[in-house]
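# Observations on the three-dimensional arrangement
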Amino acid sequence: MKALYQLSLADKVELVETDCLISCQEGPSIMLLPSGRVAQVNPGHNFTAWLIANIAALYHSPHRPSISLRGDAEIPPIEQMGFFSKQELVVMRNRGHIDAENIEEYIAHDGYMALYKVLTALEPEDVIKEIKSSGLRGRGGAGFPTGLKWEETRGYKTNPKYVICNGDEGDPGAFMDRSLMESDPHAIIEGMAICGYAIGAPQGYIYVRAEYPLAVKMLQTAIDNAVKKNLLGRNIMKSGFNFNIGIYPGAGAFVCGESTALMFSIEGKRGMPRIKPPRSAEAGLWEKPTCLNNVETFANIPQIIRRGADWFKSFGTPESTGTKVFSMSGAVRNVGLVEVPMGITVRSLIFDIGGGIKGNAKFKAVQLGGPSGGCLTEEHLDIPITFDSLQNVGSMMGSGGVVVMDDTNCMVDVARFFTQFSVDESCGKCVPCRTGLSVILSILEKIIMGNGVPEDLHELETLALHIQKTSHCGLGQAAPNPVLSTLRYFRHEYEAHIYDKRCPALVCTDLIHFEINADNCKKCGLCAKVCPAGAISWQKKEMPVIDKIICTKCKSCIRACKFEAIY
Amino acid sequence: MTGQDLIKIKKQYVDRVKSEAKSGFVTVDVHMGTCGIAAGSQKIFDAIEKEMEKLEAKNIKIRSTGCAGFCSMEPMITVHVPGKPSVKYGKLDAKKALEIFYSHVLGGHVKADYAMSQGLEKPQHRLTGK
């Protein structure tokens with residue numbers, strides 16, 4: 001009855017004592033009318049609470065939910081789940097754990113303690129020394145030592161200086177910065193403020209791509225809350241240090257993730273990279289010394305200050321310290337954001353955390369670093385993930401996108417996809433990137449359509465190497481990487497396209513014959529059933545026949561055939 | 001604002017959470033990153049909120065927190081019952097979320113059919129200690 005009052009249902013539900021409901025071995029039971037559903041009471045549970053659930057469920061829910069009486073013991077502890085257990089949360093320690101719009105929650109989880117420590121106990125030089133000794137390297141892709149960058153920026157005497165946070169995450173398949181900005185914006189703000197103190201800058205900007213409206217909203221709320229609490233603004237925590245942060249939403253150009261282009265964009269000019277030197281540390285935004293770091297780099301800073309460089313160095317390898325966030329997508333079972341210590345093997349990343357390849361397919365390759373990175377094959381699965389080891393095998397850390405591919409992916413098509421992306425996003429300033437990439441794309445398309453000639457491979461290679469050497473900015477220099485790495489590791493696929501006019505993964509429709517291999521065909525007729533165009537005619541115990549005029553090359557039949565009889 | 005104030009805010013917040021836990025507050029975290037919202041977490045949030053209003057539930061708190069990182073299980077929620085391990089649920093919709101709401105949040109019975117895991121990731125911890 002107490003339960004009924006708790007739910008203010010006392011006047012609507014009547015409690016009646018009845019005879020035994022027969023299922024004696026199950027212990028005390030109640031029957032809920034009018035549904036007539038019987039529910040047993042588990043003696044181990046709180047009866048009132050249980051009653052509330054059952055009655056409330058019956059009374060209120062239009063869905064009449066069933067009450068699960070299975071015990072809690074059957075749910076695996078989080079440490080036993082491959083996806084979570086191998087991760088080491090440093091940057092993402094608050095993911096899904098705090099309400100980002102409530103600054104008090106961040107403070108309750110030791111937020112802004114690092115900023116407090118910096119402002120009261122440390123000189124700017126000490127901060128830089130700590131960051132340098134932590135070995136933190138830029139998480140945007142290039143891996144430049146963060147401490148060195150800060151020191152260099154501090155060294156220039158021109159004022160004012162600027163801090164910029166690069167949240168222009170444009171790689172296909174990368175979403176870790178977005179998640180960070182949405183779920184823990186204060187960590188980024190705190191990191192930027194510490195950077196401002198260290199290099200002597202009064203103003204910071206966060207450049208966020210406009211495709212991330214929720215991130216912009218969360219950051220703006222966080223900044224407003226921090227200003228209200230005097231954790232940003234004038235005379236922060238009565239230390240005499242002033243620091244403000246403004247948000248600059250980008251307009252959707254991939255090239256604006258390049259530091260100099262990004263600064264032009266903030267200045268209101270067209271976003272195009274310029275020749276370095278002078279480096280941004282000397283003459284960046286409005287020709288003033290500017291320290292630009294990635295979102296993830298800044299989110300690392302408060303923890304390094306609070307827990308010390310040695311703690312940070314306990315993760316990762318001597319050359320690549322700390323952890324790295326990867327966004328894993330593609331053909332893996334567990335798609336998601338993973339934060340792992342540097343030095344973990346690619347195999348562990350894909351098979352332990354990612355849970356292996358989806359379905360029955362076989363692992364084929366993994367593309368690290370988006371359109372600027374290269375792909376790795378099975379033989380590289382055991383190399384540790386560090387900045388240098390990946391570069392040695394023709395890939396790169398990049399911002400952390402991990403796209404896993406299985407044997408249903410055609411590598412020529414993958415190269416075409418990334419090249420198409422680079423062509424679309426090339427700013428057009430320098431010839432190698434603007435024209436060279438278009439030529440590469442047209443050759444790839446020619447190969448995919450079945451018109452490739454043997455000389456194409458050589459031409460692809462020469463062109464790609466020229467673009468790599470002569471492009472103006474990092475994006476152009478890295479853009480041929482997907483082509484070069486697929487040529488290096490999957491040359492046989494290119495050759496199959498050119499010499500045999502065949503796509504081994506059955507992706508490139510122009511190279512599929514859509515004919516039936518009599519040796520493999522079991523005459524089951526499944527292909528005829530699934531064909532949406534009605535192009536396959538089949539009689540019982542007969543080989544099906546594909547009418548190529550009606551066929552739309554949708555590949556439904558190939559997917560349906562269990563015996564690989566259609567080629 | 002000084003360092004002392006920071007510590008005070010932290011203490012006040014932790015005390016509040018602890019006293020809420022003592023009086024049996026159940027917290028429901030709906031993971032609402034852009035990814036979660038795309039998968040339908042806004043509908044889950046709205047459904048639970050509406051049900052709470054209907055029941056005039058006073059000792060339940062619903063929060064929107066960021067992405068929990070496991071994209072292929074989205075939309076996800078985490079239910080924190082005082083004194084019990086937190087439970088993460090995945091691949092939900094509004095209907096399943098309401099079942100969890102009645103069974104676990106109101107009734108204290110973990111809805112094992114949709115539960116993914118119990119406990120929190122290291123180094124995350126509940127401010128109430130458990």
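Structure shown above.
Residues numbered from 1 in each chain as written. Chains lettered and ligands numbered in written order. Predicted model: local features only at pLDDT ≥ 70, side-chain atom pairs only at ≥ 80, totals over all residues. Heavy atoms only, no water.

Attention now moves to the overall build of chain B. The secondary structure content of chain B amounts to four helices and five strands. Listed N to C, the secondary structure of chain B is α-β-α-α-β-β-β-α-β in terms of helices and strands. Out of the 130 residues belonging to chain B, those deemed buried represent 62%. Of the contacts made within chain B by residues no fewer than 6 positions apart, 67% connect residues no fewer than 24 positions apart. (Helix = DSSP H or I, 4+ residues; strand = E, 2+ residues; numbered from the N terminus. Buried < 20%, exposed > 50% of the residue type's maximum accessible area, 1.4 Å probe, protein only. Contact = heavy atoms within 4.5 Å.)

Attention now goes to the sheet that holds strand β4 (residues 203-209) of chain A. Residues and elements named next belong to chain A. The strand order across the open sheet formed by four strands is β5-β4-β3-β6, and the pairing between neighbours is parallel. Either end of the sheet is taken by a strand with one partner, and the two such strands are β5 (244-250) and β6 (290-294). Averaged over all pairs of adjacent strands, the angle between their axes in this sheet comes to 20°, without regard to strand direction. Where strand β3 (residues 162-167) and β6 come together, five bridges link them in parallel fashion. By the bridge assignment for β6, Val-163 is matched with Cys-291. Seen against the sheet, helix α9 (residues 185-199) touches β3, β4, β5 and β6 and runs at an angle of roughly 150° to β3. (Pairing = 2+ DSSP bridges. Axes fitted to C-alpha atoms, helices over the stretch in contact; angles between N-to-C directions.)

Right, let's talk about the pattern of salt bridges for a bit. Applying the stated criterion across every chain yields a total of 33 salt bridges over all chains. Between Lys217(A) and Glu101(A) there is a salt bridge, with its nearest N and O atoms 3.7 Å apart. Taken together, the positions of Lys217(A) in helix α10 (residues 213-228) and Glu101(A) in the loop between α3 (82-85) and α4 (103-108) put the pair 116 residues apart, joining distant regions of the chain. The class of Glu101(A) is partly exposed, set by a relative accessible area of 33%. Across the pair Glu182(A) and Arg178(A) runs a salt bridge whose closest N-O atoms are separated by 3.7 Å. Placement of the pair is Glu182(A) and Arg178(A) together in helix α8 (residues 176-183), with a separation of four residues, close to one helical turn. What you see here is one network of salt bridges that share partners, running through Lys95(B), Glu99(B), Lys111(B) and Asp113(B). (Salt bridge = Lys/Arg side-chain N within 4 Å of Asp/Glu carboxyl O.)

To continue, consider the interface of chain A and chain B. In this assembly, 67 residues from chain A lie in contact with 56 residues from chain B. Together chain A and chain B conceal approximately 5,300 Å² of surface at their shared face, both sides included; 61% is due to carbon and sulfur atoms. The tally of links between chain A and chain B comes to four salt bridges. Among the salt bridges present, the one from Arg16(B) reaches Glu104(A), with a minimum N-O distance of 3.9 Å. Put simply, chain A and chain B have 18 residue pairs in polar contact (both at pLDDT 80 or more) between them. Elements supplying a minimum of two residues to the side of chain A that touches chain B: α2 (47-60), α3, α4, α5 (113-121), α8 and β8 (336-341) of chain A. Ranked by the residues each element gives to the side of chain A that touches chain B, the list is headed by α2(A), at seven residues. (Buried area = accessible area lost by both parts, 1.4 Å probe. Polar contact = N/O pair within 3.5 Å; in protein donor to acceptor, adjacent residues only side chain to side chain.)

Residues and elements named next belong to chain A. The five strands are arranged β8-β7-β11-β9-β10 in an open sheet whose pairing can be described as mixed. Edge positions in the sheet fall to β8 and β10 (375-377), since each has one partner strand and no second. The average undirected angle you get between the axes of adjacent strands in this sheet is 30°. As paired strands, strand β9 (residues 363-368) and β10 are joined by three bridges and run antiparallel to one another. Across the sheet, Ala-365 pairs through a bridge with Thr-377, a residue of β10.

The periodicity of an α-helix, 3.6 residues per turn, causes residues three or four places apart in sequence to face the same way. All names here are of chain A. Between its first and last C-alpha atoms helix α16 (residues 411-425) spans 21 Å; for 15 residues at 1.5 Å apiece the expected length is 21 Å, and the two agree. Those residues of α16 lying buried are Met-411, Val-412, Val-414, Ala-415, Phe-418, Thr-419, Phe-421 and Ser-422. On the buried face of α16, the contacting elements are β9, β10, β11 (401-406), α17 (431-448), α20 (481-489) and α21 (491-498). (Expected span 1.5 Å × (residues − 1).)

The subject of this paragraph is the packing of aromatic side chains. Within the structure shown, the criterion is met by 15 aromatic pairs over all chains. Put simply, the rings of Phe83(A), Phe84(A) and Phe70(B) pair up and form one aromatic cluster. The ring of Tyr212(A) has Arg178(A) lying over it, and the distance from NZ or CZ to the ring centre is 5.9 Å. (Phe/Tyr/Trp six-rings, centres within 6.5 Å; stacked < 30°, edge-to-face > 60°. Lys NZ or Arg CZ within 6 Å of the ring centre and 35° of its normal.)

Looking now at the nonpolar core. What tends to happen in soluble globular proteins is that the nonpolar side chains get buried as a cluster. Tyr112(A) and Trp150(A) are the most contacted members of the largest nonpolar core, which has 113 residues in total. Element by element, the count of residues in this core is highest for α9(A), at 10 residues. If we skip the residues at most four places from it in the chain, Trp150(A) touches Val127(A), Ile128(A), Ile131(A), Ile194(A), Cys195(A), Ala198(A), Ile199(A), Cys291(A), Asn293(A), Phe298(A) and Ile301(A). Of all hydrophobic cores here, the second largest spans 28 residues; its members include Tyr89(B), Val105(B), Leu106(B) and Ala112(B). (Core = buried A, V, L, I, M, F, W, Y, C linked by side-chain atoms within 4.5 Å.)

Now for the pairing of β8(A). Residue and element names in this part refer to chain A. Among the six residues in β8, five count as buried, and that is most of the element. Bridging between strand β7 (residues 323-330) and β8 involves six bridges; their strand directions are antiparallel. In the sheet register, Phe-326 faces β8, and the bridge partner there is Val-338. Connecting the antiparallel pair β7 and β8 is a turn made up of five residues.

Its place among the elements puts Ser348(A) in helix α14 (residues 346-353). In this structure Ser348(A) comes out as buried when scored by relative accessible area, which is 10%.

Residue and element names in this part refer to chain A. In the contact formed by α16 and α20, the axes pass within 8 Å of each other and the chain directions differ by 170°. Between α16 and α20, the crossing angle belongs to the class labelled roughly antiparallel. Residues Met-411, Ala-415, Phe-418 and Thr-419 of α16 touch α20, and the partners they reach there are Pro-482, Val-483 and Thr-486. A per-class count over the contact of α16 with α20 returns five nonpolar, two polar and no charged. (Parallel < 35°, antiparallel > 145°, perpendicular 65-115°, else oblique. Nonpolar A, V, L, I, M, F, W, Y, C, P; charged D, E, K, R; others polar.)

Here we take up helix α6 (residues 124-134) of chain A. Residue and element names in this part refer to chain A. Those residues of α6 not exposed but buried are Pro-124, Val-127, Ile-128, Ile-131 and Ser-134. One side of α6 carries all its buried residues, which in axial view fall inside an arc of 125°. Where α6 is buried, its residues touch α5, α7 (146-155), α9, α12 (295-307) and α13 (309-313). Gly-135 lies just past α6 and shows a positive phi near 75°. (Arc of directions from axis to C-beta.)

What follows is about the environment of Glu121(B). With respect to the secondary-structure elements, Glu121(B) resides in the segment after β5 (115-118). A polar contact is formed between the side chain of Glu121(B) and the side chain of Arg95(A), at a distance of 2.8 Å.

Before going further, it helps to examine unusual backbone geometry. Both trends apply: most residues other than glycine have a negative phi, and most peptide bonds are in trans. With an omega dihedral of 0°, the bond running from Glu74(B) to Pro75(B) counts as a cis peptide bond. In this structure, Pro75(B) sits in the loop between β2 (60-65) and β3 (77-80). That bond from Lys122(B) to Pro123(B) is cis: its omega, 0°, falls within 30 degrees of zero. In this structure, Pro123(B) sits in the segment after β5. The backbone of Met237(A) sits at a positive phi, close to 45°, despite the residue not being glycine. Mapped onto the elements of the fold, Met237(A) is located in the loop between α10 and β5. You can call Met237(A) buried: its relative accessible area is 7%. A positive phi angle, close to 55°, is found at Lys238(A), a residue other than glycine. Mapped onto the elements of the fold, Lys238(A) is located in the loop between α10 and β5.

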